[in-house]
Amino acid sequence: MSVPPPSSPSHRRKVPFTRRGVIGAAGAVAVGGALTPVVFAAGSGGDSDSGASVTTDSASGTAGTEPQKFPATRTEAATGTAEASAAFAISYVGVRWSGAADGAGIKFADGDSAPGKWQDLSGGCATVEGGGTALVAAGDATAYELKLPDGASVSGVRSLAIDTTGGADKTFHVPTEPTRVRGVQYLSRPAWGADESKRYKDGKVNSPEAYYPFQTITVHHTDGVNNDPDPAATVRAIYEYHAVTLDWGDIGYHFLIDEAGVVYEGRYSGDDLVPAFDKDGNLVTAFHTGGFNSGNLGIALLGNLVSQPPTDAAKASLIRLIKVIARFKGLDPQAKLTYVNPVNGVTKDVNAISGHRDWLSTECPGQTMYDLLGEVRTAVAGK
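Residues numbered from 1 in each chain as written. Predicted model: local features only at pLDDT ≥ 70, side-chain atom pairs only at ≥ 80, totals over all residues. Heavy atoms only, no water.

**With respect to empty space enclosed by the protein**
And step 1. Counted by the stated rule, this structure contains 4 cavities of 30 Å³ or more.
And step 2. Taken as a whole, the largest cavity encloses approximately 80 Å³ of empty space.
And step 3. Taken together, 13 residues line the largest cavity, and the ones lying closest to its centre are Pro-71, Thr-73, Gly-193, Asp-195 and Arg-236.
And step 4. Counting residues per element, the ones that place at least two in the lining of the largest cavity are β4 (65-71), β11 (169-175) and α2 (231-245).
And step 5. The element that contributes the greatest number of residues to the lining of the largest cavity is α2, accounting for 3 residues. (1 Å grid on protein atoms, 1.4 Å probe; cavity = no way out; pocket = protein on both sides within 12 Å on 5 of 7 lines; lining within 4 Å. Points joined across faces, edges and corners; volume = space filled by probe spheres on them. Helix = DSSP H or I, 4+ residues; strand = E, 2+ residues; numbered from the N terminus.)

Laid out in structure tokens, this is it:
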């Protein structure tokens, strides 16, 4: 899945940090299970409801905000398998169908993503009940057609052409100065261009936030392209796909990490001061491991890690992020535990740090990443 280099500012040119600018061992401490931030900054995004600026810790001064522009995401929805077109260069196509999960395909009419050849739609990270789904790079194609698994009904297929690079600029307000403490830096939702209106459907929050005690961490890959020239645009595409195509109402992961090691805030968790958690230290439920989401923190590495390992930078950021979370939540990274779904009581014996495939039938997080999980656990456990 490839997209062209961004034509407007991206985090490659400037790396702002927002109200949740840093989460780290020195930036948050556990107090009776709650998270108490020490240093933070705040921002709001364009038309979003992500809040106003706040003052940082006195040692860091006041974090002002400045407008930054990201391309608004453009989409064109279609049903059925016949050729569908868009009036823009398509970055990605999100597809969902009923029937067998394997056996579907897509063919692009033009562009840089193997035009004229059928590509399989299978093996991705996202899973849905009663069918299959995929997000595939379109390489700036303007039209595509689909084929379904044998026996699948044409009436059960929906697709969405997505452009995250060429739309009109949308303004987000991000701090003028990054927040830095010993720990992990990351891009908050406004800093990668998350349009908070995507979380709404028919005037209401599509998936209201629910919070439960943290239990475990699951590692994923996004099954996208490697050597991504614009990972922030890819994160916006995943957000659109998860929130709209799959109707989850938000991006499915708590955090994402690109090949340069940049960490992105994922699932919206309210206007408290720590990403993924509420002020009492409970984890917001995301949508990364069907049937086992509540209390389960999901981190996704951008790219396809089936045969290519993660970059050193991405692996290092993954280890640092997990180490910080494990320390302030008291998780033994080398433990085996019994996860208990707090919603329905379903249990699952897993490692404290597991891969998506440990929960469900999927290739995720890719064989090379899965083979590295033992190394990750050991590194997180080290001082």
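**Section: the confidence of the model for the protein chain**
And step 1. Scored by pLDDT, the protein chain comes out at a mean of 84, with 81% of its residues at no less than 70.
And step 2. Below pLDDT 50 for its whole length, residues 1-62 participates in 193 contacts with residues either more than four positions away or in separate chains. (pLDDT = per-residue confidence, 0-100. Contact = heavy atoms within 4.5 Å.)

**Details of the environment of Gly-330**
And step 1. Along the chain, the position of Gly-330 falls in the loop between α3 (312-329) and β21 (336-340).
And step 2. Taking the C-alpha atoms as reference, Gly-330 lies 9.7 Å from Gln-215; in sequence the two are 115 residues apart.

**Some remarks on the sheet that holds strand β8 (residues 119-121)**
And step 1. If you walk across this open sheet you meet the 6 strands as β5-β10-β6-β9-β7-β8, and the pairing is antiparallel. Edge positions in the sheet fall to β5 (74-79) and β8, since each of these pairs with one other strand and no more. With direction set aside, neighbouring strand axes in the sheet form an average angle of 20 degrees. (Pairing = 2+ DSSP bridges. Axes fitted to C-alpha atoms, helices over the stretch in contact; angles between N-to-C directions.)

**Details of the sheet that holds strand β18 (residues 263-265)**
And step 1. Overall, mixed pairing links the 5 strands, which are arranged β18-β17-β20-β16-β23 in an open sheet. Pairing within the sheet leaves two strands with one partner each, and these edge strands are β18 and β23 (353-355). Taking each pair of neighbouring strands and ignoring which way they run, the sheet shows an average axis angle of 25 degrees.
And step 2. As paired elements, strand β16 (residues 216-221) and strand β20 (residues 296-301) share 6 bridges and run parallel to each other. The partner of Ile-217 across the bridge, within β20, is Leu-297.

**Looking at the pairing of β20**
And step 1. The buried fraction of β20 is high, at 6 of 6 residues.
And step 2. Burial along β20 is two-sided: Asn-296, Gly-298 and Ala-300 facing one way and Leu-297, Ile-299 and Leu-301 facing the other are all buried.
And step 3. Relative to β20, strand β17 (residues 255-257) runs parallel, the two being bridged by 3 bridges. Along β20, the bridge assignment pairs Ile-257 with Leu-301. (Buried < 20%, exposed > 50% of the residue type's maximum accessible area, 1.4 Å probe, protein only.)

**Observations regarding the packing of aromatic side chains**
And step 1. Going through the model one piece at a time under the given rule, you end up with 8 aromatic pairs.
And step 2. Aromatic pair Trp-192 and Tyr-239: ring centres 5.6 Å apart, planes at 90 degrees, arrangement edge-to-face. Within this pair, whereas Trp-192 is found in helix α1 (residues 189-192), its partner Tyr-239 is found in helix α2, the two being separated by 47 residues in sequence. Both residues of the pair, Trp-192 and Tyr-239, count as buried.
And step 3. Members of the aromatic cluster, connected to one another through ring pairs, are Phe-214, Phe-277 and Phe-328.
And step 4. The ring of Tyr-268 has Arg-199 lying over it, and the distance from NZ or CZ to the ring centre is 3.7 Å.
And step 5. For Arg-357, the ring lying beneath its charged end belongs to Tyr-370, and the centroid distance is 4.7 Å. (Phe/Tyr/Trp six-rings, centres within 6.5 Å; stacked < 30°, edge-to-face > 60°. Lys NZ or Arg CZ within 6 Å of the ring centre and 35° of its normal.)

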